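Residue-level structural notes
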Amino acid sequence: MPLCADRRPGQSVDVMSPDLASYDSIIVAVSGGKDGTACLLALLEAGAPAERIELWHHDVDGEGGSFMDWPSTTPYVEALAHDFGLPLYRSWREGGFEREMLRDNAPTAPVVFETPDGVITAGGHGPEGTRLRFPQVSASLSVRWCSASLKVDVADRALRGQDRFLNCRTLVVTGERAEESPARARYAAFEPHRTDTRNGTRRRRHVDHWRPVHQWSEAEVWAILRRWRVMPAYPYQVGFSRLSCASCIFGNADQFATLKWMDANRFAKLNGYEKEFGCTIKRDRGLEQLSSEGTVYQVARSRPDLVAACLSDRPLQTVLAENWSLPAGAFGNGGGPV
């Protein structure tokens, strides 16, 4: 199987596609965001055997009430899986983001993951530790612990915890793009996955990691969603440029101003935790100040139906749209100030 070269700044890369038919399982990580969805559609366009594809979704709030994530995210992902006739397996850390953030002289909570044979719980017996603060914007996952604790480690435990991946070939597909950040630009488009043990002496797993949209532009991502008429998730339609957590630590002033306007109770809870911890989400200012410096997205103000859809956890019948349109949040537009 051809491996693509590591990307160096200023160097173009000819990214070779892996032999998709050679894998027993193809796992596509979907958050409801445009890039993960584009990965799924790119696989289908490349002729990947649909009967070997499964979707994985990490619930950052751990099946609890919505704290950081959008309530509409899980219904969107469930409808996406239903529309394409694919199995969806969810996973989460018990108690989700809030429990991990409030950890005080306690071990990290167990991971729970769905499988074809039922639900499995693993871990929860590690060393005691204390957080009592929000993750901070940083390239280090030990500082920006939300990604590591609630997504990366959750996925790894789900892979390692299922014997169905032993002695066979598995492809993990994720949607990081080089255009998003200098750090992501340095990712390899194709490489062995962290859980790969193909050269081990016991419990061998051949697991590759492929980022099929790594070199794609945002325009190419929206184009494939348009071709397949997959409706962009509601936060994009309101004006958010990324479908990360609703309260993502990377959010800018306009995003937090809009969140405060859309969901005052959630914003007040975040603000309260900042005061309790004596540590803000942003290093240089609290959320009250940050939101006061921003402007609420115009679409959010003018479309209460879309705001309600973002904040609803009701099931969706479909994410396929007869009349597809580019969302207000595309290309960082936000339906208002950039």
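Residues numbered from 1 in each chain as written. Predicted model: local features only at pLDDT ≥ 70, side-chain atom pairs only at ≥ 80, totals over all residues. Heavy atoms only, no water.

For the chain, the name recorded in an unreviewed UniProt entry is Phosphoadenosine phosphosulphate reductase domain-containing protein, with Gluconobacter oxydans as its organism.

1. Looking at the environment of Asp 305
Mapped onto the secondary structure, Asp 305 falls in helix H12 (residues 304-310). Linking Asp 305 and Val 238, residues 67 residues apart in sequence, is a C-alpha distance of 9.7 Å. (Helix = DSSP H or I, 4+ residues; strand = E, 2+ residues; numbered from the N terminus.)

2. Overview of the UniProt feature "domain: Phosphoadenosine phosphosulphate reductase" (unreviewed entry) in the chain
Look at the UniProt record and you will see "domain: Phosphoadenosine phosphosulphate reductase" (unreviewed entry) annotated at residues 143-248. Note that residues 143-248 is 34% helix and 12% strand, and that its end C-alpha atoms are spaced 14 Å apart. (UniProt positions renumbered as here; feature names shortened; annotations may be inferred.)

3. Some points on unusual backbone geometry
With the exception of glycine, the majority of residues adopt a negative phi angle, and the majority of peptide bonds are in the trans configuration. Within the chain, Asn 105 stands out as a residue other than glycine whose phi angle is a positive 50°. Within the secondary structure, Asn 105 is located in the loop between helix H3 (96-101) and strand S4 (111-115). Backbone geometry places Arg 203, a non-glycine residue, at a positive phi of 45°. Tracing the backbone through its elements, the reader meets Arg 203 in the loop between strand S7 (190-192) and strand S8 (206-210).

4. Some remarks on the sheet that holds strand S5 (residues 118-122)
The eight strands are arranged S5-S4-S3-S2-S1-S6-S8-S7 in an open sheet whose pairing can be described as mixed. The sheet is open, and its two borders are formed by S5 and S7, each paired with just one other strand. Neighbour-to-neighbour, the strand axes of this sheet turn through a mean angle of 25°, independent of strand direction. Pairing between strand S1 (residues 25-29) and strand S2 (residues 53-58): four bridges, direction parallel. Residue pairing in the sheet places Ile 26 in a bridge with Ile 53 of S2. Most of the contacts of helix H4 (residues 145-160) go to S2, to which it runs at about 140°, and overall it touches S1, S2, strand S3 (88-93), S4, S5 and strand S6 (169-173). (Pairing = 2+ DSSP bridges. Axes fitted to C-alpha atoms, helices over the stretch in contact; angles between N-to-C directions. Contact = heavy atoms within 4.5 Å.)

5. What about the packing of aromatic side chains?
For the structure on display, the rule yields ten aromatic pairs. Arranged with centres 5.9 Å apart and planes meeting at 55°, the rings of Phe 67 and Phe 97 form a pair that is tilted. Here Phe 67 is found in the loop between S2 and helix H2 (73-83), whereas its partner Phe 97 is found in helix H3, with 30 residues between them in sequence. Neither residue differs from the other here; Phe 67 and Phe 97 are each classed as buried. Ring centres of Phe 84 and Trp 228 lie 5.9 Å apart, and the angle between their planes is 50°; this geometry places the pair in the tilted category. Highlighted residues: Phe 84 in the loop between H2 and S3 and Trp 228 in helix H6 (residues 218-228), separated in sequence by 144 residues. Above the ring of Tyr 89, the side-chain terminus of Arg 164 is found at 5.4 Å from the ring centroid. Sitting over the ring of Tyr 23, Arg 169 keeps its end group 5.0 Å from the ring centre. (Phe/Tyr/Trp six-rings, centres within 6.5 Å; stacked < 30°, edge-to-face > 60°. Buried < 20%, exposed > 50% of the residue type's maximum accessible area, 1.4 Å probe, protein only. Lys NZ or Arg CZ within 6 Å of the ring centre and 35° of its normal.)

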